[in-house]
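# Breakdown of the fold
Listed below, chain by chain, are the residues.
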Amino acid sequence: MEIVNSRNILIIETISQQQFTTNIFDRMFVFLYDTAYAFKTRCRMLVTVDGWEIDSPYKSVMLVAVCRDGNDSVLPIAFCEVVEENLDSWAFFLKNLNYGLRLERGEGLCIMGDRDNGIDEAVEEFLPSAVYKQCCFSLYTKMVHEFPGVTVHSPFWGACRSTNGNSFKNQMAVIETISVECYNWLKDTDCQKWALYSMPEWVKSTEITISATEQLRIWLLKQLDLNVAHRLWQLSGIPCPYACRCINTWGDKLDTYVHRLMTMDEYRSAYGPGMNMLPQAMQWKWQLHDSISPPNKRSTKSNDTQISFAFSVCTNHYPVAVIIISDGLPHPGRPDQEQHKPVNERNRYCSSMT
């Protein structure tokens, strides 16, 4: 399935299996026209590609293609989600990338990758006219793995960043004096694919690693971590500002994404049955209740007055606030004859809200 929204391109491929009634997602390609147009007309002519695993239950892989503008800012050109990173996945990605860029088999394009999982074969097949460069950091990692005891860090990166052939040969000569095996191994990797001095001048780039894709990955992870960590939408039931912007971009209604508890219908339903108001204090009626002992004292200081609170229910099922007074002083509201009785003979009175 291919969808062209204005000038952007979305391609989704599915697979069918007999045990399933619906098709199963296989891979998806997304091409962004605006950034691609900026790349072709206003940016450095180097496209950096890479792939990384998506942290999800399906463990799929995201393939990306990015470029840099004149200020070295990263612009994403295309994304592709695939089941795994292999030659077939890279072929699908690069073929559609070339189709979106409207290039003649990669003519006028310089592309940089890590030469892993079939990317170099896919470039050679579908972008034969493009200039392919290898990431120096990927090469360095393989070299260290191959020669763990050889210390050639400084001359290796000096050779990578050399801007002319003589400087490159001098740095390689230093590596040869340290380890002939490492020197021969680097020569076999085709230095024209990773040394900076071999970069075409029309590319207008001094990139020697795929750090641009790593910058994009870190930015995406940061944005995802912020949204997940804040969890504003999940906790409040109201879309966060990031979600609101996306929803507005889609042209959808924000009300659709707000939790039902925040709707006017739910608000009205909460008060729909009605709530009986409590009467004012002057309308409370005094009722006789059994005597209740006060709670145990928690401090060493003796208080002249101790008041405890309890709750009961009258026959009319309204809540009753019971105030128990346990001192010997007269209190307003008691019958006068009760105030002159000894404390142990008095009846306890309470006020009830009826």
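Use the structure listed above.
Residues numbered from 1 in each chain as written. Predicted model: local features only at pLDDT ≥ 70, side-chain atom pairs only at ≥ 80, totals over all residues. Heavy atoms only, no water.

This model, assessed by the stated rule, comprises 11 salt bridges. Glu 214 is paired through a salt bridge with Arg 217; the nearest N and O atoms lie 2.5 Å apart. You can see Glu 214 and its partner Arg 217 sitting in helix α8 (residues 211-230), three residues apart, about one turn around the helix. Judged by relative accessible area, Glu 214 falls into the partly exposed class, the value being 31%. Residue Arg 217 is classed as partly exposed on the basis of its relative accessible area, which comes to 26%. Ionic pairing is found between Glu 266 and Arg 260, a salt bridge with its closest N-O pair at 3.4 Å. Judged by relative accessible area, which is 29%, Glu 266 ranks as partly exposed. Look at the salt bridges and you will find they share partners, linking Glu 13, Asp 26, Arg 27 and Asp 88 into a network. (Salt bridge = Lys/Arg side-chain N within 4 Å of Asp/Glu carboxyl O. Helix = DSSP H or I, 4+ residues; strand = E, 2+ residues; numbered from the N terminus. Buried < 20%, exposed > 50% of the residue type's maximum accessible area, 1.4 Å probe, protein only.)

Side chains of Met 264, Tyr 267, Tyr 271 and Met 275 sit close together on the surface and give an oily, nonpolar patch of about 520 Å² of accessible area. Among the structural elements, Tyr 271 can be located in helix α11 (residues 264-271). Assessed through its relative accessible area of 55%, Tyr 271 is described here as exposed. (Patch = residues over 30% accessible without salt bridge, like charges linked within 9 Å, V, L, I, M, F, W, Y side chains within 5 Å. Areas by Shrake-Rupley, 256 points an atom, 1.4 Å probe, with all protein chains shown as cover.)

Another aspect to go through is the pairing of strand β7 (residues 110-113). Alternating residues of β7 divide into Cys 110 and Met 112 and Ile 111 and Gly 113, and every residue in both groups is buried. In this view, the connection linking β7 to its parallel neighbour strand β8 (residues 131-134) by way of helix α3 (residues 119-126) has right-handed handedness. (Right-handed = clockwise from strand over helix to strand, strands pointing away.)

It is worth spelling out the side chain of Ser 138 at this point. When you line up the elements, Ser 138 lands in helix α4 (residues 136-146). Not counting the four nearest positions on each side in its chain, Ser 138 is found in contact with Asp 114 and Asp 116. (Contact = heavy atoms within 4.5 Å.)

A few words on the packing of α4 against helix α7 (residues 180-188). Put simply, α4 and α7 touch, their axes get as near as 11 Å, and they point 145° apart. Seen along the crossing, α4 lies across α7 with a hand that is right-handed. When α4 is examined against α7, the residues Leu 139, Lys 142, Met 143 and Glu 146 are found in contact with a partner set consisting of Cys 182, Trp 185 and Leu 186. (Axes fitted to C-alpha atoms, helices over the stretch in contact; angles between N-to-C directions. Left-handed = near helix turned anticlockwise from the far one by under 90°.)

Where α3 is concerned, the buried positions are Ile 119, Asp 120, Ala 122 and Val 123. Seen from one end, α3 has its buried residues packed into an arc of 160°, which puts them on one side. Against the buried residues of α3 lie β4 (46-53), α2 (87-101), β7 and β8. (Arc of directions from axis to C-beta.)

Mapped onto the elements, Gln 134 comes out in strand β8. Under the relative-accessibility criterion, Gln 134 is labelled buried at 3%. In this view, Gln 134 contacts Met 112, Gly 113, Asp 114, Arg 115, Leu 139, Lys 142, Lys 193, Trp 194 and Ile 208; residues no more than four positions away in its chain are not counted.

These figures capture arrangement, not role.
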